Amino acid sequence: MQAAHCALVVALKSAPDDPDFAIARQHLQAAIALSDEYQRIYWSIFWKTSPEKLKRKIRFQCHELAFDTYSHMIELAILVNKYAAD
């Protein structure tokens, strides 16, 4: 997820400021925020010493965040392809 977060941040810096690209930019910003939250939650515990119940809870939250992040990335890819085609 960390590599995806870095790639998304670089993509945001390279994204055009075109009004036609605004919705794609919003998906990109949402994906960045979600991947940042993933990193924050994942590293919020000590994995070797934490109870299994807490580990399951953190894994579940991280799986949901990863799914949401990649959902935004898929929407972003669709919009970028449409933008490039135009």
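Before any of the text, the structure's been laid out above.
Trainee: Looking at this structure, I do not really get the pattern of salt bridges. What am I missing?
Mentor: Proximity of charged atoms lets side chains of opposite charge pair with each other. This model, assessed by the stated rule, comprises three salt bridges. For the salt bridge of D17 with R25, the shortest nitrogen-to-oxygen distance reads 2.9 Å. We classify D17 as exposed; its relative accessible area is 71%. The class for R25 is buried, based on a relative accessible area of 17%.

Trainee: How should helix α2 (residues 22-42) be read in this particular structure?
Mentor: Because an α-helix packs 3.6 residues into every turn, residues spaced three or four apart end up facing the same way. The end-to-end C-alpha distance of α2, which contains 21 residues, comes to 30 Å, matching closely the 30 Å that a straight helix rising 1.5 Å per residue would cover. Residues of α2 that are buried include every one of A24, R25, H27, L28, A31, I32, L34, S35, Y38, Q39 and I41, and no others. Against the buried residues of α2 lie α1 (2-14) and α3 (52-85).

Trainee: Help me understand the packing of aromatic side chains in this model?
Mentor: Here the distance between the centres and the angle between the planes together describe a pair of aromatic rings. Summed over the entire model, instances satisfying the criterion amount to four aromatic pairs. Centroid distance Y38 to Y42: 6.1 Å. Interplanar angle 5 degrees. Geometry classified as stacked. Taken together, the positions of Y38 and Y42, both in helix α2 and four residues apart, correspond to about one turn of that helix. Counting every residue linked through ring pairs, the aromatic cluster contains Y38, Y42, W43 and W47.

Trainee: Can you walk me through the packing of α1 against α2 in this structure?
Mentor: A pair of packed helices is characterised by two quantities: the angle between their axes and the separation of those axes. Where α1 contacts α2, the two axes come as close as 9 Å, and the packing angle between them is 150 degrees. Regarding the angle of α1 to α2, the classification is roughly antiparallel. Crossing handedness for the pair α1 and α2: left-handed. Residues Q2, H5, L8, V9, A11 and L12 of α1 lie in contact with α2, whose contacting residues are R25, L28, Q29, A31, I32, S35, D36 and Q39. The residue inventory of the contact of α1 with α2, partitioned by class, reads seven nonpolar, five polar and two charged.

Cut-off values and rules
- Residues numbered from 1 in each chain as written.
- Predicted model: local features only at pLDDT ≥ 70, side-chain atom pairs only at ≥ 80, totals over all residues.
- Heavy atoms only, no water.
- Salt bridge = Lys/Arg side-chain N within 4 Å of Asp/Glu carboxyl O.
- Buried < 20%, exposed > 50% of the residue type's maximum accessible area, 1.4 Å probe, protein only.
- Helix = DSSP H or I, 4+ residues; strand = E, 2+ residues; numbered from the N terminus.
- Expected span 1.5 Å × (residues − 1).
- Contact = heavy atoms within 4.5 Å.
- Phe/Tyr/Trp six-rings, centres within 6.5 Å; stacked < 30°, edge-to-face > 60°.
- Axes fitted to C-alpha atoms, helices over the stretch in contact; angles between N-to-C directions.
- Parallel < 35°, antiparallel > 145°, perpendicular 65-115°, else oblique.
- Left-handed = near helix turned anticlockwise from the far one by under 90°.
- Nonpolar A, V, L, I, M, F, W, Y, C, P; charged D, E, K, R; others polar.

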